[in-house]
Amino acid sequence: MTADAVVSFDPALAAELAFRAKRAGQLTSKMRFQTAQLDAYLTDGLWLRNARRANEMATRLGDGLKSIAGAGLLATPQANILFCRLPQHVTEGLLDAVRRLRR
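Residues numbered from 1 in each chain as written. Predicted model: local features only at pLDDT ≥ 70, side-chain atom pairs only at ≥ 80, totals over all residues. Heavy atoms only, no water.

Caption draft 1: Highlighting the packing of helix 2 (residues 31-42) against helix 3 (residues 46-65). Direction vectors running N to C along helix 2 and helix 3 enclose 70 degrees, while the axes themselves pass 5 Å from each other. Between helix 2 and helix 3, the interaxial angle falls into the category roughly perpendicular. Residues A40, Y41 and L42 of helix 2 touch helix 3, and the partners they reach there are L46, W47 and N50. Among the residues forming the contact of helix 2 with helix 3, the class breakdown is five nonpolar, one polar and no charged. (Axes fitted to C-alpha atoms, helices over the stretch in contact; angles between N-to-C directions. Helix = DSSP H or I, 4+ residues; strand = E, 2+ residues; numbered from the N terminus. Parallel < 35°, antiparallel > 145°, perpendicular 65-115°, else oblique. Contact = heavy atoms within 4.5 Å. Nonpolar A, V, L, I, M, F, W, Y, C, P; charged D, E, K, R; others polar.)

In structure tokens, the structure reads:
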């Protein structure tokens, strides 16, 4: 996706948001192509299915990290983000794997 959306439930902010978008240069000549992406994303609950899947994967990752000695979650995942502490050897192993992929 190359489009962003700002959702406001206060109609009084509409004019201010439009002004800020224009001021930030967010008015492209091909906006219809960008908004088509948002239309597809919002149609038939695609956004909700994607969000649920991302949340499930964060929970799954958290469960997997619990099985690593010395790893710890800093908080219970409540969305599709996870903060954790990893032992040094795990961090080094992940960095080595990334380096191998970049070669």
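Next comes the rest of the account.
Caption draft 2: Local environment of the environment of A5. Within the secondary structure layout, A5 lies in the segment before helix 1 (14-23). Separated by 30 residues in the primary sequence, A5 and T35 place their C-alpha atoms 9.1 Å from one another.

Caption draft 3: Looking closely at the pattern of salt bridges. Enumeration according to the criterion identifies three salt bridges in this entry. One salt bridge in this structure joins R20 and E16, with 2.7 Å as the shortest N-O distance. Placement of the pair is R20 and E16 together in helix 1, with a separation of four residues, close to one helical turn. Judged by relative accessible area, R20 falls into the exposed class, the value being 53%. For D96, the salt bridge identified is with R99, shortest N-O distance 2.8 Å. Separated by three residues within a single helix, D96 and R99 lie in helix 4 (residues 88-102), roughly one turn from each other. The class for R99 is partly exposed, based on a relative accessible area of 44%. (Salt bridge = Lys/Arg side-chain N within 4 Å of Asp/Glu carboxyl O. Buried < 20%, exposed > 50% of the residue type's maximum accessible area, 1.4 Å probe, protein only.)

Caption draft 4: Looking closely at a nonpolar patch on the surface. A cluster of nonpolar residues, V6, L13 and L17, forms a patch on the protein surface that exposes about 260 Å² of accessible area. Note on placement: L17 falls in helix 1. When its relative accessible area of 32% is taken as the criterion, L17 is described as partly exposed. (Patch = residues over 30% accessible without salt bridge, like charges linked within 9 Å, V, L, I, M, F, W, Y side chains within 5 Å. Areas by Shrake-Rupley, 256 points an atom, 1.4 Å probe, with all protein chains shown as cover.)

Caption draft 5: Representation of unusual backbone geometry within the structure. Despite not being glycine, D44 shows a phi value in the positive range, around 55 degrees. Relative to the helices and strands, D44 resides in the loop between helix 2 and helix 3. In this structure D44 comes out as exposed when scored by relative accessible area, which is 69%.

Caption draft 6: Quick look at the environment of L86. Relative to the helices and strands, L86 resides in the loop between strand 2 (84-85) and helix 4. Assessed through its relative accessible area of 29%, L86 is described here as partly exposed. Measuring from C-alpha to C-alpha, the distance between L86 and G72 comes to 6.8 Å, with 14 residues separating the pair along the chain. For L86, the residues in contact, after removing those within four places along its chain, are L65, A71, T91 and L94.

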